[in-house]
Structures are given as C-alpha cells and as structure tokens.
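One-letter residues, chain by chain:
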Amino acid sequence: MIVIRCPYCHEQKTEEELTYGGELGVTRPLDPESASDTEWTDYLFMRTNRKGLHREYWCCSIGCGQWFKVTRHTITHEVTEINRSDDSVVG
Amino acid sequence: MQRYSFFNLARHALRGNTTYTPAWHQPKLKPQYDVVIIGGGGHGLATAYYLAKNYGITNVAVLEKGWIGGGNSGRNTTNVRSDYMFPESVAVYDLALRLYEELAKDLNFNIMLSQRGWMTLIHDQHQLESAQHKMNSLVCNGIEAQIIGREEVRRMIPTLNMSANARYPVIGAFRQKRGGTIRHDAVVWGYARAADQLGVHIVQDCEVIGFEKAGGSITAVKTSRGRIGCGAVGVAAAGHSSLIADMAGFRLPVTSHCLQAMVSEPLKPLLNHVVFSPSTGVYINQTQKGELVMGSARDLYASYGQRGTFPTIEKTITAVIEMFPIFGQTRLMRHWAGIVDIVPDSSPILGPTPVGNMHINCGWGSGGFKAIPAGGLLLACSLATGKPHPLALKFGLDRFRSNRLVDESAAAGSAH
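Bear in mind the structure is a predicted one, so any value in this text is a computation, not a measurement.

Asker: Just checking my understanding: could you explain the overall build of chain B for this structure?
Answerer: Secondary structure assignment for chain B yields 11 helices and 18 strands. On C-alpha atoms alone, chain B measures out to a radius of gyration of 21 Å, which is about the 22 Å that the 2.2 N^0.38 rule sets for 416 residues. Out of the 416 residues in chain B, the part that is buried amounts to 50%. For chain B, contacts bridging at least 24 residues in sequence account for 75% of all contacts bridging at least 6.

Right, here's the structure in full:
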C-alpha cells in the first residue's frame, strides 16, 4: 500500500485517500500556435512510464486538497522524496 | 514431437506417465535470426506460430526474460468475449474469438475453451440503455448477443444477490453466449509447442538489454545471453513495452499499471457464467477445478509491482460478497497482479514503429488475453510483409499524431 505524508497538512495518507496525477514534466507547449503536431502528440499522449524511480503528482484529495510532487519507486512503491508544488522540500 | 491423442494418452497412462518428452526444446542460440520476437507471452508465441505457419518464416527466436507462462499469460483471469463497440475493434476481437474456437484442433493442445457465456449485469435504467445501445451496435457488426430479464438472470445464477435491499439491484443482464473462459497456461504452452515444432527457437531467461542500430534499423538485439543478429524485430512485451521502445529510441503513449486478480479455495460447481458488474467493477468466474477467480479495476497509479495489494483485494472481495453473499465463508487462496499497458483510447497499438524493421503489438490494457490469436496473427503479418495487416490499419501508432483515436474506453465502457 502506498502511504505518503502530505507536505501541506502533514497528515499521513494512504492510497485510498490520495489521487494519482500522472508523471511530472509533461508540459503544455508554451507557444501553442507554433507547436508542431509532433510536439502536441508528445504532450498529449507520450509518456516516459519509467520502471524505477518515478517523478509524479499526487493530490491529498480526502484531506487538504493540495497537489504535490512525489518521487516513488514504481516496483517497491517506496517514496524517496516529497515536495510541495513550488518544489520546496518538506521533511 | 509426439501428437497428443486419446490413443497416446492411454499409451502413456499404461506406462505410468513416465514416457512424456518436453513439449518444446531448449535450443542453443544462433548468432542470427530472420525475426526476433521480444516477449514470450501469448502474443509473442502466437506471432511466432503464425509467422511460421502462415508465412513460412521459421528462422525465428522468441525471447522471454522469465519463463513461458510466468508473465501476464499466467496472471490474467482467462476470460474471452468479443462484445466491443466499434466495427474495427469487433473485427479484431471477434477474429481472436473465432481463432480460439478452433485453436485446440489447430495446435493439437486442449486449451479447455469453455463458452459458458459472458454476462454483464444491468443495475439501473442508464445501464439498460447503454446495454441496448451496445446490443444494436453488435447486431450491426454481426455479433450475436442478447439482453435478458431479471427472472432469467435469477434462474441462471441462483446464487446472485437479487434481494430488494441489494446495494446494486439487478434488473437484467447483457449476455454474449460465445464468451467464456480458457485455460490460460494451455494457450501459451500450446503455441510454444506448435511454434517449436515448426522450427521456432523459444529462449527463456533471456532479457533484452539494448539494440544495435544502423541506418534507422535494428541490426542486432543485445540480451542477457549475448548478441543476436536480426532481420526484423517484433515487440510483444505488454506492460514493459515502454522500456523496449525507450531502448530502441522512440516513445509510446503507454502507462503501466497493476491489474490484480485473486482466487479462492475450490468449491463445488455453482457458478456457470462469467459475471461482470459494471457498478462494482468486479468480474468473477468459477474454474473447472472449482476455484473462484475474481478481479476488478486496475490500480490507478503507475506501477511495475507484479503483486496484489490489500486495498484492492479488500475492495474486490467486499463487492464479490455483496453480489454473492453465499461466498462469505470462502477462503482466499492466492492473489497476484499483472502489469498492463494502458493507452489513452484503450485500443491496441499494432504495426510498424518509427524504427524501420521493428513492429509492435501492445496497448491491449486489461484485455490482452482474449485477443492473443488475433494479436499474434496481425503482428506476424506486419513482420512478414513490412506493412500492417488490413485489420490493424486503424490501430497504428500514428493514430495519436493524426488524432484518429479508437476510443473503446468511452464507447464500450470497458474497464481497461
């Protein structure tokens, strides 16, 4: 079971109380008009889908409602780093 | 290789079953193959079999990093059906079911196909309307199915909770009679044995660790057991497809998730359908041995952890007992998970890739087992001819760029 301490409300939450938000670093093209089809396809659909340490978003959905960043191992589910959305590291 | 028949069965039995030989060889790796297939699951082995049988290409190696039947082919819930929404999907999934119907004869291996009927419960007016919508679309696509009423469901599945205070009352069911179950090990073993008989090399304990490329094509596959030269490469690695694509130098619209399943102790026969409840997300059937096989929706976070987790087990079991209170005293025997390859439109990716001589078969999500014969046949065609099979045209990787998705997740409401 995935257990993460929310960096905002500092409560320990289980995967049942959290919402997974997908991998970090998927950025919408900054200049949509000039972005190519390849850039749009990459943004909309393509994912790194890493086996091992994975940077991802989670939301403290049954809790304080804040989104935050987590580094988690996708085999062991060990959480190695938790950051607030502005990247400040909390405990 | 010896044919399996009643006569041979009896002959072996009289000799105390000590005279059987292995169903396939442990070949010595050759330095070069015409086709190397990555992934020795159902899709990879079926690809090798159809390459040899339909296209006469037998200088083929199937590389499996674990053992045959140890990945998703041994981790699914063995269900088959073809009740999809879009004509292009039905064409592929029903081809798979039709091939499955002939497969035991074709492979000379009893795959224990049991077309006991697939039943999707209908719990409310909205589900009834979408079931009718799906029915109409299936009729247009030539697939036989029916909607049955509450009393008929009660008669067919007397153990189902039909009481007025059920959490999800049952008002009827959608039923595809040709749906059912297959012994999943038998599918991979049967394909492996038949492909081996045609000269294909099945190499277990052989993990791909990289590629050698020249001029935009792959010239050799680097593996944990050495370098293997190749003419073409087929990828049938399901939840691990992204890793292969990454080594080959392109990206896939795939995320890997756990799909869990569990099995109870064996009971006397009491459930003769595959039953799926769209409200609880649970599907359940009873194996020929008597065990109850149960599963529900995939875990929603990215994962390569091939094991069950308690939140999902609890959710699934709670729903099963709500649907079948009679199973309340049954003990759970095993639980596990397979890693499924989820794509945004819940349809497979079939055919060529940005790498010249690499062809792919992935993206089946939680529906890969039911598609094995078709997936193998279509990838074999792609590898043999260099072009996608006509049935695979709408399922190319390029559909994400041209934005022509085949959105089965929205259309058929499938759980994957």
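Asker: I would appreciate a short explanation of unusual backbone geometry in the present structure.
Answerer: Peptide bonds are trans in most cases, and residues, glycine excluded, mostly fall at negative phi. Residue and element names in this part refer to chain B. Phi angles above zero are rare outside glycine, and Thr 78 is one such case at about 65 degrees. With respect to the helices and strands, the residue Thr 78 is situated in the loop between β2 (60–63) and β3 (79–80). Owing to 21 C-beta atoms within 10 Å, Thr 78 belongs among the buried residues under this scheme. Unusually for a residue other than glycine, Ala 238 sits at a positive phi of about 45 degrees. If you trace the backbone, Ala 238 turns up in the loop between β11 (226–235) and α7 (241–248). Residue classification places Ala 238 among the buried residues on the basis of 26 C-beta atoms within 10 Å.

Asker: What exactly am I supposed to notice about the sheet that holds strand β6 (residues 79–84) of chain A here?
Answerer: Two pairing modes exist for strands in a sheet, parallel and antiparallel, and in both the strands are linked by backbone hydrogen bonds. Residues and elements named next belong to chain A. Read from one edge to the other, the open sheet built from 4 strands follows the order β3-β4-β5-β6, with strand pairing classed as antiparallel. Since the sheet does not close on itself, it has two edges, and those belong to β3 (19–23) and β6, each with one partner. For this sheet, the mean angle separating the axes of adjacent strands, direction not counted, is 30 degrees. Taken together, the 7 bridges between strand β4 (residues 53–59) and strand β5 (residues 67–73) define a ladder with antiparallel strand orientation. In the strand pairing of β5, Leu 53 is matched with His 73.

Asker: Any chance you could explain helix α3 (residues 87–107) of chain B here in plain terms?
Answerer: Residues and elements named next belong to chain B. Compared with an ideal rise of 1.5 Å per residue, which puts 21 residues at 30 Å, α3 spans 29 Å between its outermost C-alpha atoms and is within 8% of the ideal. At Glu 101, α3 is bent by approximately 45 degrees, the largest bend along its length. For α3, the full list of buried residues reads Ser 89, Val 90, Val 92, Tyr 93, Asp 94, Ala 96, Leu 97, Tyr 100, Leu 103 and Leu 107. Looking one or two residues past α3, Asn 108 carries a phi angle of roughly 55 degrees, positive in sign.

Asker: Is there a simple way to explain helix α8 (residues 310–323) of chain B in this structure?
Answerer: Because each turn of an α-helix spans 3.6 residues, side chains separated by three or four positions in sequence point in the same direction. The terminal C-alpha atoms of α8(B) lie 20 Å apart, and with 14 residues this matches the ideal 20 Å at 1.5 Å per residue to within 8%. Its buried side turned inward, α8(B) meets β12 (255–264), β14 (283–286) and β15 (292–295) of chain B.

Asker: What is the right way to look at the interface of chain B and chain A in this model?
Answerer: For interface size, the figure often reported is the accessible area lost on association. Counting residues at the interface gives 20 residues for chain B, matched by 19 residues for chain A. Breaking the side of chain B that touches chain A down by element, the ones donating at least two residues are α7, β12, α8 and α10 (399–402) of chain B. Residues of the side of chain B that touches chain A, tallied by class, amount to 12 nonpolar, 6 polar and 2 charged.

Asker: Looking at this structure, I do not really get the domain arrangement of chain B. What am I missing?
Answerer: Residue and element names in this part refer to chain B. Entries for chain B in the domain assignment read domain 1 (29–109 + 184–253 + 344–411) and domain 2 (118–177 + 256–342). Taking only C-alpha atoms, the centre of domain 1 and the centre of domain 2 are 28 Å apart. Residue-level contacts link 23 residues of domain 1 with 24 residues of domain 2. Those elements that provide at least two residues to the side of domain 1 that touches domain 2 are α3 and α7. When residues of the side of domain 1 that touches domain 2 are assigned to their parent elements, the largest contribution, 3 residues, is made by α3. Class assignment for the residues of the side of domain 1 that touches domain 2 results in 6 nonpolar, 13 polar and 4 charged.

Asker: What should I look at first to understand the sheet that holds strand β4 (residues 118–122) of chain B in this one?
Answerer: Residue and element names in this part refer to chain B. Strand order in the open sheet made by the 8 strands is β5-β6-β4-β13-β14-β15-β12-β16, with mixed pairing throughout. This sheet does not close on itself; its edge strands, each paired only once, are β5 (146–149) and β16 (332–342). Strand after strand, the sheet turns through a mean of 25 degrees between neighbouring axes, direction not considered. One ladder, built from 3 bridges, connects β12 with β15; its direction is antiparallel. Opposite Val 263, over in β15, you have Val 293 as the bridge partner.

Asker: So what exactly am I meant to see when it comes to the environment of B:Gln146 here?
Answerer: Its location among the elements puts B:Gln146 in strand β5. Spatially, the C-alpha atom of B:Gln146 lies 30 Å from that of B:Leu393, the residues being 247 residues apart in sequence.

Asker: What is the right way to read the nonpolar core from this model?
Answerer: In a soluble, globular protein the nonpolar side chains are often hidden away together inside. All names here are of chain B. Judged by nonpolar contacts, the single largest core of 121 residues is most densely connected at Val 36 and Val 60. When we break this core down by domain, the ones giving at least three residues each are domain 1 (29–109 + 184–253 + 344–411) and domain 2 (118–177 + 256–342). With near-sequence residues (within four places) excluded, Val 36 lies in contact with Ala 61, Leu 63, Val 221, Ile 228, Cys 230 and Val 233.

The rules behind these values
Residues numbered from 1 in each chain as written. Chains lettered and ligands numbered in written order. Predicted model: local features only at pLDDT ≥ 70, side-chain atom pairs only at ≥ 80, totals over all residues. Helix = DSSP H or I, 4+ residues; strand = E, 2+ residues; numbered from the N terminus. Rg over C-alpha atoms; globule rule 2.2 N^0.38 Å. Buried ≥ 20, exposed ≤ 12 C-beta atoms within 10 Å, placed from the backbone. Contact = placed C-beta atoms within 7 Å. Pairing = 2+ DSSP bridges. Axes fitted to C-alpha atoms, helices over the stretch in contact; angles between N-to-C directions. Expected span 1.5 Å × (residues − 1). Bend = angle between axes of the 7 residues up to and from the residue. Nonpolar A, V, L, I, M, F, W, Y, C, P; charged D, E, K, R; others polar. Domains from an automatic or database assignment. Core = buried A, V, L, I, M, F, W, Y, C linked by C-beta atoms within 7 Å.

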